[in-house]
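Letter by letter, the chains look like this.
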Amino acid sequence: MSTTRSRIAIGQTTRMAVVVMAMAMLLAACGGTAVSPTSSVYDSCVKEKLAVKTAGKLTLSTDNPAYSPWFQGGNEGATVWVGDYNNDPAKGQGYEGAVAYAVAAKLGFTADEVVWIQSAFDQSFAPGAKDFDLFLNQVSIKPARAEAIDFSSGYYDVAQGVVTIEGSPIAGATSIADLKTAKLGAQIGTTSLDAITSVIKPDTEPAVFNTNDEAVAALEGGIIDGIVTDVPTAFYMRDAQLTGGIIVGQLPSASGTQEQFGIVMEKGSPLTACVSSAVEALKADGTLAALLTEWIADKASAPVLK
Amino acid sequence: MTAARSARKGTLVAVVSTLAVATVVALSIGSSPSWPLVQKAFFDGTYFSTSLPDVAGAFFINVQLFVLAEILILPLGLLIALARSITSPALAPLRIFATVYTDFFRGVPSILVIYVLGFGVPALRLPGVPKEPFFWALVTLVLIYSAYVSEVYRAGIESIHPSQERAARALGLTRFQALRFVVLPQALRRVVPPLLNDFIGLQKDTALVSILGVVEAFKQAQILKSANFNFTPLMTTALIFLVITIPMTRLVDRLAAKDRAAQQGGAR
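Here the structure is a predicted model, which is why all the values come from computation and not from measurement.

Definitions and cut-offs
- Residues numbered from 1 in each chain as written.
- Chains lettered and ligands numbered in written order.
- Predicted model: local features only at pLDDT ≥ 70, side-chain atom pairs only at ≥ 80, totals over all residues.
- Buried ≥ 20, exposed ≤ 12 C-beta atoms within 10 Å, placed from the backbone.
- Helix = DSSP H or I, 4+ residues; strand = E, 2+ residues; numbered from the N terminus.
- Pairing = 2+ DSSP bridges.
- Expected span 1.5 Å × (residues − 1).
- Contact = placed C-beta atoms within 7 Å.
- Nonpolar A, V, L, I, M, F, W, Y, C, P; charged D, E, K, R; others polar.
- Domains from an automatic or database assignment.
- Axes fitted to C-alpha atoms, helices over the stretch in contact; angles between N-to-C directions.
- Parallel < 35°, antiparallel > 145°, perpendicular 65-115°, else oblique.
- Left-handed = near helix turned anticlockwise from the far one by under 90°.

## Overview of the pairing of strand E10 (residues 260-266) of chain A
All names here are of chain A.
No. 1: Where burial is concerned, most of E10 is hidden: 6 out of the 7 residues are buried.
No. 2: As paired strands, strand E4 (residues 149-157) and E10 are joined by 6 bridges and run antiparallel to one another. Paired with Tyr156 across the strands is Phe261, a residue of E10.

Written out as structure tokens, the structure is:
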């Protein structure tokens, strides 16, 4: 991961200062891996030394609404993440909510020192300074995207799934070939759309919606035959959003490389190396696996379509 | 001689002041320390050239949509305008309907209408009712722009002096004939520039179809933007829209100037 990251940093930036800064961070990260993580990951990643947006606080961000199983626990008392099915990320529940607080703890921030702000998906990669330190919103790591922002190490291995409803032409589909004639939909900005065009390659152009909610409305209205989304969201749609929802199955990965969700930080963020180390440490000590069992459990995978 | 000289002097002053303003704007934007970041995010040459074929291809859907919509809006808007101009008490329901229609569809945001029609109506699953997003986008644009266009027509009709109709009636024309042969020909000529103005708005609003999942130019740009976290494809779309709308605006200007000349100078 470190080597990939440094190649990207050096390849993309022309300003010497940024390169030097990135190198320094990488050196710090490499030095840090030898030290066994205690309350914080390593010496230079302690709370006091981290260049966070608000001193003494870790400002986290996600989009609104925040859906299960990524964020859970409801929104009682929340002023921003309001409405049915929405979840206040400050509850620290759901897989991303829990990972966010686990990363914060690794960096030495208590739950009280974590502040949540809302950012739209597009705001997370708009040019310039960001209001947040870390943005967690099921963002898939891609090299082209890493030119605009920094990614942490991946904290979730993504698989794409197909969900439909009773009565749809693909309700009984058992293979990728069965999906060829389907009108499929996906949310914009997701790698689910890539999965449709590169794995399923359907005869009809996929429909692309601004949000998953609109894709669900289109599925219910018969405008599309099925939705491609990450597998836990597919289960959520089946269980909470659709009447008569059916999981058709899971898609094999497109390129052979495992797609991962990463934490987004502003380009050249001084936190990137520390946050990546924190994620790696959480992976190594089994925390991520435990959180996965706790919040996503058996909803992380479905039978793979061939 | 002096007139020609002062015209030349005027052109020179215009050129110099335009260049001066442009230079100041360019320098102040370029001097921003964040300009390289913004330039990379919004004006990246590579992303521009790679997005151009995709966005231009998707723009065909916008073209289809606005051509079909314009063909439908022109007669529908006129019918509504005429319904609103009815004075006969027996036909009052028609006039009231036309008034409510224009009030409603000019008053609600287009985006709401497209949501309700595009997602709501197909969900009723009524037999024989189309569920195609393109169809419902077309219906939305026709409903909304017919309301605008009908008001343009009505303003044109009302701008014709009442003496014109009275004179026509005095010559023995019926009320309908007076409208058809005296009032409308004059009114329609006057409303051409504002009509074209509304159509420019319509062309831009074809991007609304993207809400229903249709991959037209704007949605295609958004897909590319989100895939690479770079906003340049949106600029590509802007350019494609401008290529269509700027000639339209120039045409509107020219027609307006011609009409003014005809009204004031009498020379046809």
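## Some words on unusual backbone geometry
Residues and elements named next belong to chain A.
No. 1: The omega angle of the peptide bond from Asn64 to Pro65 is 5°, so this bond is cis rather than trans.
No. 2: By secondary structure assignment, the location of Pro65 is in the loop between strand E1 (58-62) and helix H3 (95-106).
No. 3: Cis geometry is found at the peptide bond from Ser68 to Pro69, where omega equals 0°.
No. 4: Here Pro69 lies in the loop between E1 and H3.
No. 5: Even without glycine at this site, Lys201 takes up a positive phi of about 50°.
No. 6: Of note, Lys201 is situated in the loop between helix H4 (191-200) and strand E7 (207-209).

## Some remarks on helix H4 (residues 92-107) of chain B
No. 1: In this model H4 of chain B runs 22 Å from its N-terminal to its C-terminal C-alpha over 16 residues, within 8% of the 22 Å that 1.5 Å per residue would give.
No. 2: Looking at the buried positions of H4 of chain B, the neighbouring elements they touch are helix H3 (45-85) and helix H6 (133-159) of chain B.

## Some words on the interface of chain B and chain A
No. 1: Counting residues at the interface gives 20 residues for chain B, matched by 22 residues for chain A.
No. 2: Secondary-structure elements contributing two or more residues to the side of chain B that touches chain A are helix H2 (35-42), helix H5 (110-123) and helix H9 (217-228) of chain B.
No. 3: Residue classes in the side of chain B that touches chain A are distributed as 11 nonpolar, 6 polar and 3 charged.

## Section: the domain arrangement of chain A
No. 1: The assigned domain composition of chain A is domain 1 (2-157 + 260-297) and domain 2 (160-250).
No. 2: Counting residues at the interface gives 8 residues for domain 1 of chain A and 6 residues for domain 2 of chain A.

## A closer look at the packing of H3 of chain B against helix H8 (residues 175-205) of chain B
Packed helix pairs are characterised by how far apart their axes lie and by the angle those axes make with each other.
Residue and element names in this part refer to chain B.
No. 1: Here H3 crosses H8 at 140°, and the two axes come no closer than 9 Å. One element, H3, and the other, H8, form an angle in the oblique class. In this structure, H3 meets H8 at a crossing whose hand is right-handed. Mapping the contact onto sequence places Phe66, Ala69 and Glu70 in H3 and Phe199, Leu202 and Gln203 in H8.
No. 2: Among the residues forming the contact of H3 with H8, the class breakdown is 4 nonpolar, 1 polar and 1 charged.

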